[in-house]
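Coordinate inspection notes
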Amino acid sequence: MIFIKKHFPFLVLFLLLFSCTKQEKKGTEATDLYADYIAKGSAKMSLNEHDSAFYYFNQAKLVCKKDDDKSIVYALLMMGGLQKNLADYAGVESSMTEALKVVKDSTYYPYIYNLLGITYKEQYDYDSALLYYTKSLKIASDDY
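Below, the structure is looked at part by part. Small disclaimer: the values here were computed from a predicted structure and weren't measured.

**Concerning the nonpolar core**
With 28 residues, the main nonpolar core has Phe 57, Val 73, Met 96, Ile 112 and Leu 116 as its most contacted residues. Elements with a contribution of two residues or more to this core: α2 (27–46), α3 (50–63), α4 (69–85), α5 (89–102), α6 (109–122) and α7 (126–143). Sort the elements by how many residues they give to this core and α4 lands first, with seven residues. The residues touching Leu 116, leaving out its near neighbours within four places in the chain, are Glu 93, Met 96, Leu 100 and Tyr 132.

The structure is reproduced here in structure tokens:
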């Protein structure tokens with residue numbers, strides 16, 4: 001009994017320290033987890049369960065490596081699309097601004113700018129909408 005009383009605080013401290021360390025996901029494990037979250041989000045989106053779909057797309061974004069811009073931007077685009085459908089235009093603007101900060105691949109710019117254009121159009125800010133539609137059209141027509 002004395003053994004437990006003396007060493008119990010050290011045991012608790014030991015367990016507490018090791019349970020609080022952040023473990024990094026290995027490359028393939030994070031990729032599998034990302035694909036799983038995207039699949040679950042897409043399934044929930046097709047069932048019109050928008051809140052669950054948003055949750056899974058957000059989880060997919062969070063498990064991405066910082067340098068995996070394509071995966072992050074794809075998850076953000078899916079989140080922005082859901083927010084647009086729910087008329088959360090401030091959320092769309094926030095998600096697309098985050099996507100613009102992360103994106104390195106120019107193929108995503110037309111999608112981001114188009115979503116921003118739709119958002120501003122729905123808010124009756126036609127000047128900003130026209131600006132983003134024009135940016136989207138210019139980049140899309142340059143690529144093709």
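**Some words on α5**
Each α-helix turn comprises 3.6 residues. Residues three or four places apart therefore point the same way. Helix length check: α5 (14 residues) gives 20 Å between terminal C-alpha atoms against 20 Å at 1.5 Å per residue, within 8%. Buried residues belonging to α5 abut α4 and α6.

**So, unusual backbone geometry**
Non-glycine residue Ala 87 carries a positive phi angle of around 60°. As for its placement among the helices and strands, Ala 87 is situated in the loop between α4 and α5. You will see that Tyr 124, though not glycine, has its phi angle at about 65°, which is positive. Within the secondary structure layout, Tyr 124 lies in the loop between α6 and α7.

**Things to note about the pattern of salt bridges**
What the rule picks out here adds up to five salt bridges. For Glu 98, the salt bridge goes to Lys 61, with nearest N and O atoms at 3.2 Å. Here Glu 98, found in helix α5, pairs with Lys 61, found in helix α3; they are 37 residues apart in sequence, far enough to count as distant. Using a relative accessible area of 15% as the deciding quantity, one classes Lys 61 as buried. The residue Asp 105 makes a salt bridge to Lys 70 at a minimum N-O spacing of 3.7 Å.

Reading the values: rules and limits
- Residues numbered from 1 in each chain as written.
- Predicted model: local features only at pLDDT ≥ 70, side-chain atom pairs only at ≥ 80, totals over all residues.
- Heavy atoms only, no water.
- Core = buried A, V, L, I, M, F, W, Y, C linked by side-chain atoms within 4.5 Å.
- Buried < 20%, exposed > 50% of the residue type's maximum accessible area, 1.4 Å probe, protein only.
- Helix = DSSP H or I, 4+ residues; strand = E, 2+ residues; numbered from the N terminus.
- Contact = heavy atoms within 4.5 Å.
- Expected span 1.5 Å × (residues − 1).
- Salt bridge = Lys/Arg side-chain N within 4 Å of Asp/Glu carboxyl O.

Everything listed here is a matter of coordinates, which is why it stays silent on function.
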